[in-house]
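Examining the three-dimensional arrangement
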Amino acid sequence: MTWLRNATVTKDTDIYQLIYESNLDSKLEQILIGLMKDNPSHKTEKVIQKFLLYIQHSTENFWTTYYSAKTYQEKLDCYYQFSKNQCLATEVLIRDLDSMSSEEEIKENLNSILKEGFTF
């Protein structure tokens, strides 16, 4: 079980609550909420949960490193790494969503081919 602020990441947790409590940039929050509203599938929810979990770990690591930093240079380096981790998480999210889209397109294409093939 993993904690995001005050919410626990479980199957029963509301994805919208997780997004809100992850304290993301408002633009990113709007994108994720829009994504869930446009494609409310279990797969989409799992991809977003994976993303939020990565962001949570990145944030926790940032604060741990930040508080142990002795100079402002170290703190800036810490923030730079945190920013890179967020970019990486977003890239993985995009890749996972693209992969899902490809799977859905393939399934749709196969279904239409099967329908056409068996229609007399």
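Everything below is about the structure shown above.
Residues numbered from 1 in each chain as written. Predicted model: local features only at pLDDT ≥ 70, side-chain atom pairs only at ≥ 80, totals over all residues. Heavy atoms only, no water.

Describing the overall build of the protein
Looking only at helices and strands, one finds four helices and two strands in the protein. Starting at the N terminus, the α and β elements of the protein follow one another as β-β-α-α-α-α. Counting only residues that meet the buried cut, the protein has 29% of its 120 residues in that class. Of the contacts formed within the protein by residues at least 6 apart in sequence, a portion of 52% connects residues at least 24 apart. Working note: accessible area of the protein is about 8,800 Å², and carbon and sulfur atoms make up 56% of it. (Helix = DSSP H or I, 4+ residues; strand = E, 2+ residues; numbered from the N terminus. Buried < 20%, exposed > 50% of the residue type's maximum accessible area, 1.4 Å probe, protein only. Contact = heavy atoms within 4.5 Å. Areas by Shrake-Rupley, 256 points an atom, 1.4 Å probe, with all protein chains shown as cover.)

Some words on the pattern of salt bridges
Tallied over the full model, the rule gives two salt bridges. Notably, a salt bridge pairs lysine 50 with aspartate 96, separated by 3.0 Å at the nearest N-O pair. Of the two residues, lysine 50 is situated in helix α3 (residues 42-68) and aspartate 96 in helix α4 (residues 72-118); the sequence distance between them amounts to 46 residues. With a relative accessible area of 45%, lysine 50 lands in the partly exposed category. In this structure aspartate 96 comes out as buried when scored by relative accessible area, which is 14%. Each member of the salt-bridge network shares a partner with another, and the members are Lys50, Arg95 and Asp96. (Salt bridge = Lys/Arg side-chain N within 4 Å of Asp/Glu carboxyl O.)

Some points on the environment of threonine 44
One can find threonine 44 in helix α3. Overall, the relative accessible area of 0% leaves threonine 44 in the buried class. A C-alpha to C-alpha distance of 9.1 Å links threonine 44 and aspartate 96, two positions 52 residues apart in sequence. Each residue touching threonine 44, except ones within four places of it in the same chain, is listed here: Leu35, Met36, Asn39 and Met100. Reaching out from threonine 44, the side chain makes a polar contact with the side chain of asparagine 39 at a distance of 3.1 Å. (Polar contact = N/O pair within 3.5 Å; in protein donor to acceptor, adjacent residues only side chain to side chain.)

Quick word on the packing of aromatic side chains
This structure, assessed with the given rule, holds eight aromatic pairs. On the basis of an interplanar angle of 40° and a centroid distance of 6.2 Å, the ring pair of tyrosine 79 and phenylalanine 82 is categorised as tilted. Placement of both tyrosine 79 and phenylalanine 82 in helix α4 is noted, with a separation of three residues, approximately one turn of the helix. Using a relative accessible area of 47% as the deciding quantity, one classes tyrosine 79 as partly exposed. Of the aromatic side chains, those joined through ring pairs into one cluster are Phe62, Trp63, Tyr66, Tyr67, Tyr79 and Phe82. For lysine 75, the ring lying beneath its charged end belongs to tyrosine 66, and the centroid distance is 4.7 Å. Against the face of tyrosine 72 rests lysine 75, its NZ or CZ located 5.6 Å from the ring centre. (Phe/Tyr/Trp six-rings, centres within 6.5 Å; stacked < 30°, edge-to-face > 60°. Lys NZ or Arg CZ within 6 Å of the ring centre and 35° of its normal.)

Notes on the side chain of glutamate 21
On the secondary structure map, glutamate 21 appears in helix α1 (residues 15-21). In terms of polar contacts, glutamate 21 uses its side chain to reach the side chain of glutamine 17, at 2.5 Å.

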